[in-house]
Amino acid sequence: MASENLIERQTALSSHVVSFCRYLRKHKFKLGASDEALALQALSKVVLSDSEVFRLTLRSTLVKNLPQLILFDQHFEKYWEELAKAINSKKKTVEEETLKKKTLADEAQKRGQASLQALKSWLYGNQSSEEKEVPGYSFGKTIQQKDFSLFNSEEMSEVNNLVKSIGKILANRHNRRYQRGKSGDLFDLKSSIQKNMRKGGDIVEMAFKKKQKRKLRIVLLCDISKSMDLYSRFLIQFIYAFQNTYTKIETFIFGTELNRVTEQLRRQEYTEALEALRENFYDWSGGTRIGECLADFNKNYTSKIINQNTIFLIMSDGLDTGDSNLIAPNLKRIQRKANKVIWLNPIAGNPDYKPSTKGMKEALPFIDVFTSGHNLESLRKVVSVFGKSNQNHFRKLQD
Amino acid sequence: MPNNSIQNIESLLNGQGYITDQSIVMSVHLAKVLKKPLLIEGPAGVGKTEIAKVMARALDTDLIRLQCYEGLDANHALYEWNYQHQLLQLKMEESGSKTIEEKKKTIFGEEFLLKRPLLQAITHHKHPVLLIDEIDRADEEFESFLLEVLSDWQISIPEIGTIKATHIPQVIVTSNRVRELSEALRRRCLYLWIDYPEFDKELSIVKQKVPDIDEVLAEEICKFMRELRQKRLEKIPGIAETLDWALALSGMHIDHLDKELVQSTLGIILKDWQDIRTAQDSLSELFEKVGIQSKLD
């Protein structure tokens, strides 16, 4: 009899669970049918003595990462509250709830319309089609020295490809050597024979070699405010040509807030990834808060991803609308942990440039390399200092 | 019956000296009955690895541990042939009358197979606990390879054939969130987040692990740690550090925290020069929050 009860109760329960899953999906939980099934299966394995057991069971099975964990508790409470209020019209309230949310989101979107436009142009800018033939260095000096912002829209896709292919050439150059070792992709005949001569010439120990992977990691922080979007886009493309050479590339974009986009860029084709980003960050409002974003970076990421093998690249014009007192101390902390801090400031491409803003001035002592990154030539120079040691503490790559 | 086993798990864990809370118990229980891998995330030093160890002890089975690191590949995780021994064997039999086929059979036998953790786990004689520690340190390629093993529970060795698991291990995966894990891996696992413990939980852990400790001291230590974790530190101390500290102080037969003592023993809980500086600078503030009257004041 007890088991009969159990089954009956569970049929009622399972419909609740299914609609709760539906509710979660509307709130950006990626749940498949298998997750639903798992939750139901899990519920059959516990005795639901109180609501806490129920909540924990669902949470253990439906949550897959930390941000979801936090959201789950909120959603759970909300959902069952609504349900308790009006069991019969349950579906209606949930729909209303989501409708309300939608209109709110719409409004937020409208408010951020202007800046959205800027972001859109940033994200849609890269319409390059297939990879063209890899060009050599024969391209005229003019093209390499021309400021990115001076190209017209027709030239843009060509420059785009150029940036990518020059990146690849440089990346290969950084990665020509082999590394010997006990395992690897290629049999190393030479060192195998060397190693085994003393054992009478029989190959007892094998030696292998593999392409050396540079231990350097790169962390990119790109300002995507309106004045910077173009330069950041080129920088990201350029650096990503190196992703097979360096072990890790982490990418963040910032304006008013910091966003980690490494995953999106890795999972998808570049253009697709940027489109997906556009969906996610609609509430972008203008301005750049460098200090706050650096503080956020320090709080959440520095200890995890910055170490002595990390090159920290930041692309920004230093025009800060936030608290500029935050820039120097936060940059100092990063510099202490990282191998090198490189600041790219496109305005610095102008020979008359002098750092004038307070934030930029204070940041200078904590920057190892300060350069412009406004054209191809300067991007190439940036890469050339990657492997070098920091003997002269601060230098400006100008000429 | 099923509920019994929840309490069962709880008492098993407690019996092994592991202080839990309800969400940990629930996750462990579900991982066990649903036969799913359990993915545990959380800051360093909150007892992620410990769960696997305790679970193995509680279930009276063996713990097989695969420690991940950058560059870990399938060979190191699965099996390797003991090449040198094989070669010696051939040398010894050079003058013998064995045919090539027979020789092949001997040198590709079990005794020349070096079992690495994953193969060990699969061929184990009873359901072991397989701990895959710090999966976020391994490369993504390794992660996808692992997924394959975790879903099929079989490994094929070209020279021998396919080895199927006799007993499916209970898998525990831990991660420090150094890198994001793939969706595919997350989908296959149950998820558990362990945070720094609440005051009460930490206090009972301290009392459990350092039974001789003075009651007042234990409370002060836990309060101090709670406040210290609110500070902006490079490396926030975990439970392990709390325990080290408690052990050290109780070993010195101390029953009360004071500033001088804390200053001289900060090195036990903070492992970064900058952190120690930060803590020293705000020691008075910390003491105030903890509510300890310093003897020096």
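Fair warning: this is a prediction, and the values are worked out from it, not measured in the lab.

Trainee: Mind showing me how you'd approach the packing of helix α12 (residues 239-251) of chain B against helix α13 (residues 259-269) of chain B here?
Mentor: Angle between the axes and distance between the axes: these two values describe a pair of packed helices. All names here are of chain B. It is at 9 Å that the axes of α12 and α13 come closest, and there the two elements cross at 135°. When the axis of α12 is compared with that of α13, the two are oblique. In the crossing of α12 with α13, the sense of the turn from one axis to the other is right-handed. On the side of α12, the interface is formed by Glu 241, Thr 242, Asp 244, Trp 245, Ala 248 and Leu 249, while α13 contributes Leu 261, Val 262, Thr 265, Ile 268 and Ile 269. Partitioning the contact of α12 with α13 into residue classes produces seven nonpolar, two polar and two charged.

Trainee: Honestly, the environment of A:Leu379 in this entry has me stumped. Any pointers?
Mentor: Residues and elements named next belong to chain A. Relative to the elements of secondary structure, Leu 379 occurs in helix α16 (residues 376-384). Judged by its relative accessible area of 1%, Leu 379 falls in the buried class. In this structure the C-alpha to C-alpha distance between Leu 379 and Phe 238, which are 141 residues apart in sequence, comes to 7.9 Å.

Trainee: Looking at this structure, I do not really get helix α2 (residues 22-34) of chain B. What am I missing?
Mentor: Side chains three or four residues apart in an α-helix point the same way, a direct result of the helix having 3.6 residues per turn. All names here are of chain B. Relative to the 18 Å expected for 13 residues at 1.5 Å per residue, α2 spans 18 Å between its end C-alpha atoms, a close match to the ideal helical length. Of all 13 residues in α2, ten are buried; the element is thus mostly enclosed. Residues of α2 that are buried include every one of Ser 23, Ile 24, Val 25, Met 26, Ser 27, Val 28, His 29, Leu 30, Ala 31 and Leu 34, and no others. Looking one or two places after α2, you find Lys 35, whose phi comes out positive at around 55°.

Trainee: Help me understand the nonpolar core in this model?
Mentor: Generally speaking, nonpolar side chains in soluble globular proteins are found buried as a group. Counting 88 residues, the largest nonpolar core has A:Phe20 and A:Leu58 as its most contacted members. If sequence neighbours within four positions are ignored, A:Phe20 has contacts with A:Leu58, A:Leu62, A:Phe72, A:His75, A:Phe76, A:Tyr79 and A:Trp80.

Trainee: What is the right way to read the pattern of salt bridges from this model?
Mentor: Between side chains of opposite charge, pairing is possible as soon as their charged atoms come close. Applying the stated criterion across every chain yields a total of 19 salt bridges over all chains. Here A:Arg217 ties to B:Glu70 by a salt bridge, and the two come within 3.7 Å at their closest N and O atoms. Here A:Arg217, found in strand β4 (residues 214-223), pairs with B:Glu70, found in the loop between β2 (63-67) and α4 (74-77), and the two come from separate chains. Judged by its relative accessible area of 13%, A:Arg217 is buried. Its relative accessible area of 38% is what places B:Glu70 among the partly exposed residues. Its salt-bridge partner being B:Lys231, residue B:Glu285 comes within 3.0 Å of it at the nearest N-O pair. Taken together, the residues span a long stretch of sequence, with B:Glu285 in helix α15 (residues 283-290) and B:Lys231 in the loop between α11 (215-228) and α12 at a distance of 54 residues. Its relative accessible area of 35% is what places B:Glu285 among the partly exposed residues. Among the ionic contacts, a cluster of salt bridges with common partners joins A:Glu52, A:Arg55, A:Arg59 and A:Asp73.

Trainee: Is there a simple way to think about the confidence of the model for chain A in this case?
Mentor: As a general rule, the predicted coordinates of low-pLDDT regions are not to be interpreted in detail. All names here are of chain A. Within chain A, residue pLDDT values average 71, and 63% of them lie at 70 or more. Helix α6 (residues 113-124) is the least confidently modelled element of chain A, averaging 44 in pLDDT, while helix α14 (residues 327-337) averages 89, the highest of any element. Per-residue pLDDT stays below 50 along residues 108-140; that stretch engages in 54 contacts with residues further than four places along the chain or on separate chains.

Trainee: Quick question: what am I supposed to make of the sheet that holds strand β5 (residues 129-133) of chain B here?
Mentor: Two strands in a sheet stick together by hydrogen bonds in their backbones, pointing the same way (parallel) or opposite ways (antiparallel). Residue and element names in this part refer to chain B. If you walk across this open sheet you meet the five strands as β2-β5-β8-β1-β9, and the pairing is parallel. Each having just a single partner strand, β2 and β9 (190-193) make up the two edges of the open sheet. With strand direction ignored, the average angle separating the axes of adjacent strands in the sheet is 20°.

Trainee: It is not clear to me how the interface of chain A and chain B should be interpreted in this structure. Could you clarify?
Mentor: Accessible area lost upon the coming together of the parts serves often as the stated size of an interface. Taken together, the contact between chain A and chain B spans 39 residues of the former and 34 residues of the latter. Together, A:Ser60, A:Lys64 and A:Leu66 form the three largest contributors to the area buried by chain A at its contact with chain B, with a combined 17%. Here chain A is connected to chain B by one salt bridge. At the boundary of chain A and chain B, one finds six residue pairs in polar contact (both at pLDDT 80 or more). When residues of the side of chain A that touches chain B are traced back to their parent elements, those giving at least two are α2 (33-44), α3 (51-62), α4 (66-85), β5 (246-254), α11 (262-267), α13 (290-305) and α14 of chain A. Broken down by element, the side of chain A that touches chain B gets its largest block of residues, seven residues, from α3(A). Of the residues that constitute the side of chain A that touches chain B, the class distribution is 13 nonpolar, ten polar and 16 charged.

Analysis parameters
- Residues numbered from 1 in each chain as written.
- Chains lettered and ligands numbered in written order.
- Predicted model: local features only at pLDDT ≥ 70, side-chain atom pairs only at ≥ 80, totals over all residues.
- Heavy atoms only, no water.
- Axes fitted to C-alpha atoms, helices over the stretch in contact; angles between N-to-C directions.
- Helix = DSSP H or I, 4+ residues; strand = E, 2+ residues; numbered from the N terminus.
- Parallel < 35°, antiparallel > 145°, perpendicular 65-115°, else oblique.
- Left-handed = near helix turned anticlockwise from the far one by under 90°.
- Contact = heavy atoms within 4.5 Å.
- Nonpolar A, V, L, I, M, F, W, Y, C, P; charged D, E, K, R; others polar.
- Buried < 20%, exposed > 50% of the residue type's maximum accessible area, 1.4 Å probe, protein only.
- Expected span 1.5 Å × (residues − 1).
- Core = buried A, V, L, I, M, F, W, Y, C linked by side-chain atoms within 4.5 Å.
- Salt bridge = Lys/Arg side-chain N within 4 Å of Asp/Glu carboxyl O.
- pLDDT = per-residue confidence, 0-100.
- Pairing = 2+ DSSP bridges.
- Buried area = accessible area lost by both parts, 1.4 Å probe.
- Polar contact = N/O pair within 3.5 Å; in protein donor to acceptor, adjacent residues only side chain to side chain.

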